[in-house]
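Structural overview for review
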Amino acid sequence: MTPRVCANCVLPETFPRIRFDEHGTCNFCLDSQDKGSREKKAADYREKFKRLVSDYKGKSGYDALMCYSGGKDSTYTLAVLKETYGLNVLAVTLDNGFVSNQASQNIHNVVERLGIDHIFFKPSFHVLAKIFRTCATRDIFPPKTLERASTICTSCMAIVKSSALRLALEKDIPFVAFGWSPGQAPITSSIMRNNPDMVRMMQKTLFDPLYKIAGDDIKPYFLEEKHFSGDYHFPYNIHPLAFLDYSEDDIYRDISRLGWEAPKDVDANSTNCLLNSFANVVHVDRFGFHPYAFELANLVREGYLDRSSALDKLRRMENPEATALARERLGIA
Ligand SMILES: [Zn+2]
């Protein structure tokens with residue numbers, strides 16, 4: 001049976017801590033901010049970013065390290081950083097063993113057209129597969145993380161984020177950029193200086209469970225004690241889509257000029273990763289709600305996506321070929 005869904009956004013009754021009022025509107029919608037104050041905040045953040053860019057641009061070899069998945073949002077963000085803000089960007093892609101062929105082609109086309117330096121970082125698949133296999137059957141991170149992403153996704157992102165931060169520290173790059181959509185991360189976190197104490201705490205939450213699975217092999221993907229010694233400049237994390245105009249249609253139109261084409265072998269919620277479908281299936285089976293429900297609900301509530309498209313993304317069948325491929329490569333019956 002399909003669960004009841006908020007009349008305003010797309011959060012289902014199976015979502016943690018959800019309540020509905022007499023009109024069928026959820027508490028997340030009732031608690032959300034009005035559009036006017038969001039636009040004012042976006043303008044403030046645009047101004048803040050402009051100031052930081054003028055402070056840091058040209059001071060180091062690279063101005064920004066972009067965590068570049070090759071998906072539509074990070075492609076668009078990469079283009080904005082280079083073309084609108086004129087930053088010298090180093091794009092880094094983590095190859096988790098499930099990069100769609102079309103996504104690889106897109107990455108190649110985009111960095112070439114934009115004239116951007118790029119690194120493919122491919123951790124050993126033995127290590128990653130061990131982690132993904134465990135995450136398919138166990139919730140190894142704090143329960144709160146399950147509201148926003150599957151455990152498989154969170155484990156992969158932990159490696160992406162921490163290895164990017166490590167590289168930025170070692171290359172003295174002042175910004176680490178992400179292509180989070182405005183539904184994935186709030187505007188209030190869109191420009192944040194990494195604070196060593198906080199990084200240490202957050203790293204522990206992610207590192208410890210992964211260490212139990214894969215041991216010393218994961219050490220190079222995280223910060224070591226020397227990085228906290230005071231000899232390194234901690235960069236700002238930025239996700240500019242939170243304070244820029246965001247529209248899926250405009251993004252697709254804009255990035256097609258860079259030779260970007262939508263991959264056909266992925267699921268409805270990813271434009272690069274072949275593991276996502278399987279991760280979604282596992283999450284829905286275990287918790288009864290889709291790991292993209294929170295993001296899509298935010299996008300609908302804030303007027304970036306219409307409700308019926310969001311419902312379609314959540315209800316469309318996962319890609320059976322991608323799911324089978326993931327099971328096979330991970331050795332899961
Ligand atoms: Zn709602």
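Right above here is the structure, for reference.
Residues numbered from 1 in each chain as written. Predicted model: local features only at pLDDT ≥ 70, side-chain atom pairs only at ≥ 80, totals over all residues. Heavy atoms only, no water.

What about the overall build of the protein?
Scanning the protein from terminus to terminus reveals 12 helices and six strands. Relative to the 2.2 N^0.38 estimate, which gives 20 Å for 333 residues, the radius of gyration of the protein is 19 Å and therefore close to what a compact globule would have. In terms of overall dimensions, the protein has a C-alpha envelope of 55 × 50 × 40 Å along the principal axes. Across the 333 residues that make up the protein, the buried fraction comes to 54%. Pairs at least 24 residues apart make up 77% of the contacts formed inside the protein by residues separated by at least 6 positions. As presented, the protein carries roughly 15600 Å² of accessible surface, and 51% of it is formed by carbon and sulfur atoms. Positive and negative side-chain charges of the protein, numbering 42 and 42 respectively, have mean locations separated by a distance of 3 Å. (Helix = DSSP H or I, 4+ residues; strand = E, 2+ residues; numbered from the N terminus. Rg over C-alpha atoms; globule rule 2.2 N^0.38 Å. Buried < 20%, exposed > 50% of the residue type's maximum accessible area, 1.4 Å probe, protein only. Contact = heavy atoms within 4.5 Å. Areas by Shrake-Rupley, 256 points an atom, 1.4 Å probe, with all protein chains shown as cover. Lys, Arg positive; Asp, Glu negative; His and termini not counted. Charge placed at Lys NZ, Arg CZ, Asp CG, Glu CD.)

Quick notes on the layout of surface pockets
Remark: the empty space left among the atoms is shown by a probe the size of a water molecule rolled over them. Put simply, the second largest pocket is a space of about 730 Å³. What lines the second largest pocket is a set of 30 residues, among which Arg38, Pro182, Pro186, Ile187 and Glu302 lie closest to the centre. Where the lining of the second largest pocket is concerned, the elements lending two or more residues are α2 (35–56) and α10 (293–301). Counting residues per element, the lining of the second largest pocket draws most heavily on α2, at six residues. A per-class count over the lining of the second largest pocket returns 11 nonpolar, six polar and 13 charged. (1 Å grid on protein atoms, 1.4 Å probe; cavity = no way out; pocket = protein on both sides within 12 Å on 5 of 7 lines; lining within 4 Å. Points joined across faces, edges and corners; volume = space filled by probe spheres on them. Nonpolar A, V, L, I, M, F, W, Y, C, P; charged D, E, K, R; others polar.)

Observations regarding the coordination of the zinc ion
Tetrahedral coordination by four donors places them ideally at 109.5 degrees to one another around the metal; octahedral coordination by six donors ideally gives 90 or 180 degrees. Donor atoms from the polypeptide that bind the zinc ion are Cys6 (SG), Cys9 (SG), Cys26 (SG) and Cys29 (SG), placed at 2.3 Å. Around the zinc ion sit four donor atoms; with metal-centred angles ranging over 103 to 113°, the donor geometry is tetrahedral. Within one chain, the residues donating to the zinc ion are spaced in sequence as C-x2-C-x16-C-x2-C. Here Cys6, found in the segment before α1 (27–30), pairs with Cys26, found in the segment before α1; they are 20 residues apart in sequence, far enough to count as distant. Judged by its relative accessible area of 0%, Cys26 falls in the buried class. (Donors = N, O, S within 2.8 Å, 3.2 Å for Na, K, Ca; no water. Tetrahedral: all angles 85-135°; square planar, octahedral: opposite > 155°, others 65-115°.)

Quick look at the packing of aromatic side chains
For any two aromatic rings, the description comes down to two numbers: the centre-to-centre distance and the angle of the planes. This model, assessed by the stated rule, comprises 18 aromatic pairs. Relative to Phe294, the ring of Phe15 has its centre 6.0 Å away and its plane inclined at 15°; by these criteria the two rings are stacked. Taken together, the residues span a long stretch of sequence, with Phe15 in the segment before α1 and Phe294 in helix α10 at a distance of 279 residues. On the accessibility criterion, Phe294 (13% relative accessible area) is buried. Considering the side-chain rings of Phe207 and Tyr211, the 5.4 Å spacing of their centres and the 20° angle between planes classify their relative orientation as stacked. With Phe207 and Tyr211 both in helix α7 (residues 196–214) and four residues apart, the pair spans about one turn of that helix. The exposure class of Phe207 is buried, given its relative accessible area of 16%. (Phe/Tyr/Trp six-rings, centres within 6.5 Å; stacked < 30°, edge-to-face > 60°.)

Topic: the sheet that holds strand β4 (residues 175–177)
Sheet strands pair by backbone hydrogen bonding; their relative direction is either parallel or antiparallel. Pairing is mixed in the open sheet, where six strands are placed in the order β3-β2-β1-β4-β6-β5. Among the strands making up the open sheet, the edge pair consists of β3 (117–121) and β5 (191–193). The average undirected angle you get between the axes of adjacent strands in this sheet is 20°. Sheet topology note: the β5/strand β6 (residues 236–238) ladder contains three bridges and is antiparallel. Counterpart to Met192 in the pairing with β6 is Asn237. Across the face of the sheet, helix α3 (residues 72–83) comes into contact with β1 (64–67), β2 (89–94), β4 and β6 while running at roughly 165° to β1. Sheet contacts for helix α6 (residues 151–171): β1, β2, β3 and β4; angle to β2, the most-contacted strand, approximately 145°. (Pairing = 2+ DSSP bridges. Axes fitted to C-alpha atoms, helices over the stretch in contact; angles between N-to-C directions.)

Some details on the pattern of salt bridges
One pass over the structure, following the stated rule, counts 18 salt bridges. The closest approach of N and O atoms between Asp73 and Lys72, which form a salt bridge, is 3.5 Å. By the burial criterion, Asp73 is buried, and Lys72 matches it. Where Arg200 meets Glu225, a salt bridge forms, and the shortest distance between an N and an O atom there is 3.1 Å. Taken together, the positions of Arg200 in helix α7 and Glu225 in the loop between α7 and β6 put the pair 25 residues apart, joining distant regions of the chain. Relative accessible area serves as the criterion here: at 38%, Arg200 is assigned to the partly exposed category. (Salt bridge = Lys/Arg side-chain N within 4 Å of Asp/Glu carboxyl O.)

As for the nonpolar core
Residues Val10, Leu11, Phe49, Leu78 and Phe243 are the most contacted members of the largest nonpolar core, which totals 59 residues. At six residues, α10 tops the list of elements feeding residues into this core. Once residues within four sequence positions are removed from consideration, Leu11 is found in contact with Arg4, Val5, Cys6, Ile18, Phe20, Cys26, Phe28, Ala293, Phe294, Ala297 and Arg301. Formed by 42 residues, the second largest nonpolar core is a distinct cluster that contains Ile131, Cys156, Ala214 and Ile218. (Core = buried A, V, L, I, M, F, W, Y, C linked by side-chain atoms within 4.5 Å.)

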